[in-house]
Amino acid sequence: MKKSTMLLTAIMACAALTATAQDNAPEGYKFTDTKTVQTVPITNQYRSGTCWCFSTISFLEEEILRAGGPQVKLSEMWVVRNIYFEKAVKYVRLHGSLNFAVGGASHDVTHAIEQYGIVPQEVYKGLNYGTELPEFGEIDEVLKAYVDAIIKNKNGKLTPAWQDGLNAILDAYFGERPETFTYEGKEYTPKSFAESLPIKMSDYIEFSSYTHHPFYEPFVIEVPDNWLWGKVYNVPLNEMMQVIDAAITDSHPVAWGTDVSEKGFAGGKAIGVIPEVAEKNMVGSDAEKWGKLSNAEKEARIYSLNEPVKEMTITQEMRQEAFDNYETTDDHGMVIVGTAVDQNGSPFYRVQNSWGVRPPYDGFYYFSRPFVEYKTMSIMVNKNVVPKEILKKINVK
């Protein structure tokens, strides 16, 4: 046999083996969207801990679309700059006994818009330090050092100049705030521009679900990033999920504060799940093979997410225990913008992230219903989509 013929035969054999291997390989998760909300383009918070702002701004932009308004890009950095000032003042007033960091919550955004108005991003980009995307390494350190120095000063009291100094730092990094601006041929102030939008900040309320506070009462979630001490309505788990589902059904987005530190969150695959313990679901030879694996091998197989996994059934008690033990923390904000099912028919939510356009779903992610049940810290929704019986229970009209 000639070498060329032998080579061709070898190539064909390899191709056949590869095809067989691919046919037998796990296919991974395959999602089919069942309901989608109209969305704005994916944003990129880059090297800044401002997910709370990017996600809530996207949420509000989508609410504007839902209300029949135009697609408008609002300035995240306008909100961040104003919130940083308020947070610094409160930090100093409390002698440093407050979490002074860049993290926050959805209610920071609605509060800032009510207090300071809002501007389009083209009017206030907030990147006055030479980069195209937010990079907060220096800003965070400078601001923290400044407010700590104010608290520790040896005068024994504060001078009237310290807030001017704070504003000077903020202006240096974010830019001076315009008192008026022209947008699409009209002149606005930040307040009048906010009033021109077809949404009202007073329409947005937040929910959570924990048992260390009474149900149907507002409470302050005890997490470090809740520097504003904003309140959410406490409802049972099943009713919190009803609120999410009602919003999506009515084509409204949901601002979602959650925890993505779980092993079941695979960022590269854009999937979040809460796997069940595998041994509970195996019998016969499968159980025997599984038993021979090391703990590390078992964990690697479960969390590879190369194929759909059976997930835990989430209870109110599990949520509470995870919160009490610091297993659920407020580490990321995103927007729920739809529902989906995997190839086994298991329910998922389609989620908009602020980490830029990236594969495999162009910046969108899929989180299972058990993940949302287990790891939701809080949600913000338009109160008009909340089921009437739940509004009645929390005494909101």
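See the structure above.
Summarised in this report is the structure supplied together with it. Bear in mind the structure is a predicted one, so any value in this text is a computation, not a measurement. All residue numbers refer to positions counted from 1 along the written sequence of the respective chain. Side-chain atom pairs in this predicted model are given and counted only at pLDDT of 80 or more, local residue features only at pLDDT of at least 70, and totals for whole chains, interfaces and linings cover all residues. The side-chain numbers reported here are obtained from all heavy atoms of the structure, hydrogens and water having been left aside.

**Things to note about helix α4 (residues 106–116)**
- Burial in α4 covers these residues: S106, H107, D108, V109, T110, A112 and I113.
- Residue contacts are defined here by distance: any two heavy atoms, one from each residue, within 4.5 Å place the two residues in contact. A run of H or I in DSSP becomes a helix once it reaches four residues, and a run of E becomes a strand once it reaches two; helices and strands are each numbered from the N terminus. On the buried face of α4, the contacting elements are α2 (51–66), α3 (76–93), α7 (190–196), β4 (204–208), β7 (254–258) and β13 (376–382).
- With its phi angle positive at about 75 degrees, G117 sits one or two positions after the end of α4. A simple rule labels every residue: compare its accessible area, found with a 1.4 Å probe on the protein chains alone, to the largest value its type can have, and call it buried under 20%, exposed over 50%, or partly exposed in between.

**Focus on unusual backbone geometry**
- The linkage connecting P359 with the following residue, P360, adopts the cis geometry, with an omega of 5 degrees.
- Non-glycine residue W229 carries a positive phi angle of around 60 degrees.
- Following the sequence through the fold, W229 ends up in the loop between β5 (218–220) and β6 (231–234).

**Regarding the packing of α2 against α4**
- To obtain each axis, a line is fitted to C-alpha atoms, and for helices this fit is confined to the stretch in contact; angles are then taken between N-to-C directions over 0 to 180 degrees. Packing of α2 against α4 brings their axes to within 8 Å, and their N-to-C directions diverge by 65 degrees. Between α2 and α4 lies a crossing of right-handed hand. Residues W52, C53, T56, I57 and L60 of α2 form the contact with α4, whose own contacting residues are S106, D108, V109 and I113.
- Residues are grouped as follows: Ala, Val, Leu, Ile, Met, Phe, Trp, Tyr, Cys and Pro are nonpolar; Asp, Glu, Lys and Arg are charged; all remaining types, including Gly, are polar. When grouped by side-chain class, the residues that make up the contact of α2 with α4 number 6 nonpolar, 2 polar and 1 charged. Each crossing gets its handedness from the near helix: less than a right angle anticlockwise from the far helix is left-handed, clockwise is right-handed.

**Details of the nonpolar core**
- In plain words, nonpolar cores are sets of buried Ala, Val, Leu, Ile, Met, Phe, Trp, Tyr and Cys residues tied together by side-chain atoms within 4.5 Å. Residues V79, F174, F207 and F367 are the most contacted members of the largest nonpolar core, which totals 94 residues.
- It is α3 that provides the largest number of residues to this core, a total of 11 residues.
- Excluding residues that lie within four positions of it along the chain, V79 makes contacts with W52, C53, I57, V109, A112 and I118.
- Residues Y29, F31, I271 and Y366 belong to the second largest nonpolar core, which totals 9 residues.

**Quick word on the environment of K375**
- Counting through the fold element by element, K375 comes out in helix α12 (residues 369–375).
- Separated by 61 residues in sequence, K375 and I314 have C-alpha atoms that sit 9.9 Å apart.
- Residues within four places of K375 in sequence aside, it is in contact with G257, T258, D259, E262, R319, A322, E327 and T328.

**Focus: the packing of α3 against helix α5 (residues 137–152)**
- Axis separation between α3 and α5 bottoms out at 10 Å; the angle between their running directions is 30 degrees. Taken together, the axis directions place α3 and α5 in an arrangement best described as roughly parallel. Seen along the crossing, α3 lies across α5 with a hand that is right-handed. Across from Y84, A88, Y91 and V92 in α3, the residues of α5 making contact are D140, L143, K144, V147, D148, I150 and I151. Should an angle fall under 35 degrees it is taken as roughly parallel, and over 145 as roughly antiparallel, whereas 65 to 115 is taken as roughly perpendicular and any remaining angle as oblique.

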